[in-house]
Every structure is written in C-alpha cells, then in structure tokens.
Amino acid sequence: MKTVLASALLLGLFGCSVAFPIPVPFPFPDPYHAFCGTIWTFATPCAEVSTTIVNEIQALSPEYMLISATPLTIKANHTSPDGISVQDITFSLSPTILTGGCRVSAKSISLGITSPLDDGLNYCNLYKLLSASGLTLSPGFMEMTNELACLGYGLSKCDI
Ligand SMILES: *[C@@H]1O[C@H](CO)[C@@H](O)[C@H](O)[C@H]1NC(C)=O
C-alpha cells in the first residue's frame, strides 16, 4: 500500500510537470492540479466523433456540462459526486488525412487545490464519456497514454 501511494505521488509530480514546473523543495505547499492527457484514434471522421462526444456530455448533464463546441474543439467541465471538486475537460480533434479517421487529444485537469492522489478521477472523467457513448467499440479505436501523461492511468478502475 505504501509503495502504491509513493509511486502515485511520484506520478503526480510528473503529471503535474505537464501543467506546471515541478515544485521544489518537496513537500510543497503550492496548489496542485491533478491531470490526465490521453490520445484516442478512430477510423470514423471527426464530425461523427465530435457529435457523439457532445451528445454524451449533454446526456450526462449535470455531472458533465458543455462549455463550448466547435468542429475541432470541445470544452466541458465535470463536477465530482461530492459537488465540490470540478475538472476542466478539453477535446482537440484532428482529422487523419490518409485514413479518413480522427485523432482526439483528450485532457482533464482538476481545478483548485487538489490532492495528487486523484484515484484516476481525471482519467475516468474522460473514459466515462468514451465508454458510455459506445466510442470504445468504434472501428479503429485505440488509446495511447501512460502514467506520466495521465495520473492514475493503469492504477485506476473506473466505476462505470
Ligand atoms: C461548468 O460549465 C458550465 C457551463 O458553461 C458553467 O455554467 C458552470 O459554471 C461551470 N462550473 C464551474 C464550477 O466552473
């Protein structure tokens, strides 16, 4: 258990460096923003993927709230069941020219001061939309991320 906590803390530090320089010395009093970034690919065109994601965000309201949607960028937020912590979510879509598919860069970041141990919250925020909308079953679906880019990835068991 100690090992898991320590490595999650380390992952948190690296995850943090995406948004912030690594704070020194450790431990640090600074606000901490837990973060997950992941890339998804699909064989379907971005227009279709985008519509599916936007529809799912709206279907899962008010847990998820759509902030804005353009053909290549979707912004939303997610409020945790405690009603206190909020995470900002951004999807950036790019068409894959040769295959006619779509590559999506998905990010979720905790707002305010949060613990580095987010239990995979930010990862699960993204994965829940994907899974609930059926996009995980879509042709050509692949997910690319790792523990450095996505806090809690590999440790997290999403409650979906
Ligand atoms: C989440 O987004 C909605 C829609 O834009 C907005 O009304 C709400 O204030 C946001 N929540 C937070 C806590 O930022």
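Up top you'll find the structure we're talking about.
First, a word on what this report is: a plain description of the structure on this page.

1. A look at helix α2 (residues 46-59)
In this model α2 runs 20 Å from its N-terminal to its C-terminal C-alpha over 14 residues, within 8% of the 20 Å that 1.5 Å per residue would give. For α2, the full list of buried residues reads Cys46, Val49, Ser50, Ile53, Val54, Glu56 and Ile57. Viewed end-on, α2 has its buried residues packed into an arc of 160°, placing them on one side of the element. Exposed side of α2, more than 90 degrees from the buried face: Ala47 and Ala59 are the residues found there. As for α2, its buried residues are in contact with β1 (35-42), β2 (64-70), β3 (73-79), β4 (86-96), β5 (101-110) and α3 (121-132).

2. Here's the deal with the pairing of β4
In the sheet, β3 pairs with β4 via seven bridges, with the strands oriented antiparallel. Paired with Thr79 across the strands is Val86, a residue of β4. As paired strands, β4 and β5 are joined by ten bridges and run antiparallel to one another. Note on β5: the bridge partner recorded for Asp88 is Ile109. Hairpin connection of β4 to β5: four residues between the antiparallel strands, including Gly100 at a positive phi of 70°.

3. Re the pairing of β5
Looking at chain direction, β1 and β5 are connected through eight bridges and run antiparallel. The residue of β5 that forms the bridge with Trp40 is Val104.

4. So, the sheet that holds β3
Strand order in this open sheet of six strands is β2-β3-β4-β5-β1-β6, and the pairing throughout is antiparallel. The open sheet has two free edges, formed respectively by β2 and β6 (142-144), since each of these has just one partner strand. Across the sheet, the mean angle separating the axes of adjacent strands is 20° when strand polarity is ignored.

What counts, and at which threshold
Residues numbered from 1 in each chain as written. Predicted model: local features only at pLDDT ≥ 70, side-chain atom pairs only at ≥ 80, totals over all residues. Heavy atoms only, no water. Helix = DSSP H or I, 4+ residues; strand = E, 2+ residues; numbered from the N terminus. Expected span 1.5 Å × (residues − 1). Buried < 20%, exposed > 50% of the residue type's maximum accessible area, 1.4 Å probe, protein only. Arc of directions from axis to C-beta. Contact = heavy atoms within 4.5 Å. Pairing = 2+ DSSP bridges. Axes fitted to C-alpha atoms, helices over the stretch in contact; angles between N-to-C directions.

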